[in-house]
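Structural overview for review
What follows is the residue order along each chain.
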Amino acid sequence: MPQPRVFSPVPLLMAVLVVAMACPAQATGETATRHALWRDCLARNFRIQSVLTARDLAADAAFQACRAPEEAYLAALTGSPLLDDEDVARARPLLAGRIRAWLISIPG
């Protein structure tokens, strides 16, 4: 007898996050606003730090400086009917990795 297949919400969560990151101008509401604020904070801090230090260290410093906007964005994501706290917690490292790659790709 075949065993029941366990549904993982990770693919759905990643699709939602990719769409939110790829189209922030098209998204509306509190989540999109908080996402834009977080990205602006990261970009601003990264540009300042990248003048002073290596790009990897500048990305780390930007993440440290922008914890509050990140937490606000993640809290807004948990308000979605498609996601819960557990989904967001699992996606957080993936989201951070994508944002880190975006930061490092910003021309200096």
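This structure is a prediction, so every number in the text was calculated from the model and none was measured. (Residues numbered from 1 in each chain as written. Predicted model: local features only at pLDDT ≥ 70, side-chain atom pairs only at ≥ 80, totals over all residues. Heavy atoms only, no water.)

With that out of the way, let us pick up the nonpolar core. Core analysis: the largest hydrophobic core is formed by 19 residues, its most contacted members being Trp38, Leu42, Phe46 and Leu103. A total of five residues in this core trace back to one element, the largest contributor, which is helix H2 (residues 30-52). Beyond its immediate stretch of four places on either side in the chain, Leu42 contacts Ala62, Phe63, Cys66, Ile99 and Leu103. (Core = buried A, V, L, I, M, F, W, Y, C linked by side-chain atoms within 4.5 Å. Buried < 20%, exposed > 50% of the residue type's maximum accessible area, 1.4 Å probe, protein only. Helix = DSSP H or I, 4+ residues; strand = E, 2+ residues; numbered from the N terminus. Contact = heavy atoms within 4.5 Å.)

It is worth spelling out the confidence of the model for the protein chain at this point. Averaged over all residues, the pLDDT of the protein chain equals 81, while 73% of them reach at least 70. This model gives residues 22-27 a pLDDT under 50, and the stretch forms three contacts once residues within four places in sequence are excluded. (pLDDT = per-residue confidence, 0-100.)

Turning next to a nonpolar patch on the surface. A surface patch of nonpolar side chains, amounting to about 340 Å² of accessible area, comprises Ile48, Val51 and Leu52. Inspection of the secondary structure puts Val51 in helix H2. Val51 sits in the exposed class, given a relative accessible area of 66%. (Patch = residues over 30% accessible without salt bridge, like charges linked within 9 Å, V, L, I, M, F, W, Y side chains within 5 Å. Areas by Shrake-Rupley, 256 points an atom, 1.4 Å probe, with all protein chains shown as cover. Salt bridge = Lys/Arg side-chain N within 4 Å of Asp/Glu carboxyl O.)

Another aspect to go through is the environment of Ala72. In this fold, Ala72 is placed in helix H4 (residues 67-78). A relative accessible area of 22% means that Ala72 is categorised as partly exposed.

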